[in-house]
Amino acid sequence: MLISQTLEYALRAMVFIATGTGQSYTTLQISQATKVPQAYLSKVLQLLVKAKLIQSQRGLGGGFVLNKEAKDICILDIVNAVDPLERIESCPLGISSHGNDLCRLHKKLDEAISVIEKDFTDTSITDIITNPTNSLPLCERPAV
């Protein structure tokens, strides 16, 4: 799998929260809608809070909300919060004669990571939820 399970779960949660237009969702609500185990989701949500992408509100009516508008949160922000992409700057095999002069394979892999990084930077949460398809990405439709 190209992305980790943790990142997949974080993306699901962010997309779901963004569909609420300012509504606060509990961990249980997010878990049920995104089909992410609640205990695991709690850890993922704390990473997103730490990265200041969402905020936690306590008390009656509390839960999680976006910390800024969905259009201002790019996919790379979420990636960096939970499972950052690692660029290849020197030989990952530790071959001393390669140093920072990457072999063709590692150079190609780093170029691919660069393309992914750019695409993730250019794609906001709003882009994900507003491009019409027959289903809401990554989660169940919120109950009306």
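Refer to the structure above for everything that follows.
Residues numbered from 1 in each chain as written. Predicted model: local features only at pLDDT ≥ 70, side-chain atom pairs only at ≥ 80, totals over all residues. Heavy atoms only, no water.

Peer 1: In this structure, what is going on with the environment of Leu 109? I would like to understand it.
Peer 2: Residue position: Leu 109 is located in helix α5 (residues 104–121). Relative accessible area serves as the criterion here: at 41%, Leu 109 is assigned to the partly exposed category. Along the sequence, Leu 109 and Ile 88 sit 21 residues apart, while their C-alpha atoms lie 7.8 Å from each other. (Helix = DSSP H or I, 4+ residues; strand = E, 2+ residues; numbered from the N terminus. Buried < 20%, exposed > 50% of the residue type's maximum accessible area, 1.4 Å probe, protein only.)

Peer 1: Would you take a moment to explain the side chain of Ser 24 for this structure?
Peer 2: Tracing the backbone through its elements, the reader meets Ser 24 in the loop between α1 (5–18) and α2 (27–34). Polar contacts involving the side chain of Ser 24 include one to the main-chain amide nitrogen of Phe 64, which spans 3.5 Å. The contacts of Ser 24, once residues within four sequence positions are left out, are Gln 29, Gln 57, Gly 61, Gly 62, Gly 63, Phe 64 and Val 65. (Polar contact = N/O pair within 3.5 Å; in protein donor to acceptor, adjacent residues only side chain to side chain. Contact = heavy atoms within 4.5 Å.)

Peer 1: I'm lost on the packing of aromatic side chains in this one. Help?
Peer 2: Where two aromatic rings form a pair, the distance of their centres and the angle of their planes describe that pair. Scanning the model with the defined rule gives two aromatic pairs in all. Ring geometry for Tyr 9 versus Tyr 40: centroids 5.1 Å apart, planes at 90°, classification edge-to-face. Separated by 31 residues along the polypeptide, Tyr 9 in helix α1 and Tyr 40 in helix α3 (residues 38–50) bring together distant segments of the chain. Residue classification places Tyr 9 among the buried positions, given a relative accessible area of 7%. Summarising the aromatic geometry, the rings of Phe 16 and Tyr 25 are spaced 4.5 Å apart at their centres and angled 55° between planes, so their arrangement reads as tilted. Assessed through its relative accessible area of 6%, Tyr 25 is described here as buried. (Phe/Tyr/Trp six-rings, centres within 6.5 Å; stacked < 30°, edge-to-face > 60°.)

Peer 1: Explain the side chain of His 106 to me, please; I cannot follow it from the model alone.
Peer 2: Counting through the fold element by element, His 106 comes out in helix α5. For His 106, a relative accessible area of 10% corresponds to the buried category. Once you skip the residues sitting within four places of it in the chain, His 106 turns out to touch Ile 88, Pro 92 and Leu 93.

Peer 1: Just to check I follow, could you spell out the nonpolar core for this structure?
Peer 2: Among the nonpolar cores identified, the biggest contains 32 residues, and Met 14, Ile 30, Leu 45, Leu 48 and Ile 78 are the most heavily contacted of them. Mapped by element, the contributors of at least two residues to this core are α1, α2, α3, β2 (63–66) and α4 (75–82). If one sorts the elements of this core by residue count, α1 sits on top with nine residues. Sequence-distant contacts of Leu 48, defined by excluding residues within four places in its chain, comprise Ala 10, Met 14, Leu 53, Ile 54, Ile 78, Ala 81 and Val 82. (Core = buried A, V, L, I, M, F, W, Y, C linked by side-chain atoms within 4.5 Å.)

Peer 1: Where do I start with the pairing of β2 in this structure?
Peer 2: Each regular strand shows side chains that alternate between the opposite faces of the sheet. Two strands pair when backbone bridges link them, and strand β1 (residues 54–57) and β2 are joined in this way by four bridges, in the antiparallel orientation. Counted as the bridge partner of Ile 54 is Leu 66 from β2. Counted along the chain from β1 to the antiparallel partner β2, the turn is five residues long, and its residue Gly 59 has a positive phi close to 90°. (Pairing = 2+ DSSP bridges.)

Peer 1: For this particular structure, what's the right way to read the pattern of salt bridges?
Peer 2: Close approach of charged atoms allows side chains of opposite charge to pair. Under the counting rule described, the total for this entry stands at six salt bridges. In this structure, Glu 8 engages Arg 12 in a salt bridge whose closest nitrogen and oxygen atoms are separated by 3.1 Å. Pair noted here: Glu 8 and Arg 12 are both in helix α1, with a separation of four residues, about one helical turn. When sorted by exposure, Glu 8 lands in the same class as Arg 12, which is buried. A salt bridge links Lys 108 to Glu 111; the nearest nitrogen and oxygen atoms lie 3.8 Å apart. Here Glu 111 and Lys 108 lie together in helix α5, a separation of three residues that amounts to about one turn. For Glu 111, a relative accessible area of 33% puts it in the partly exposed group. Salt bridges sharing partners connect three or more residues here, namely Arg 87, Asp 110 and Glu 117. (Salt bridge = Lys/Arg side-chain N within 4 Å of Asp/Glu carboxyl O.)

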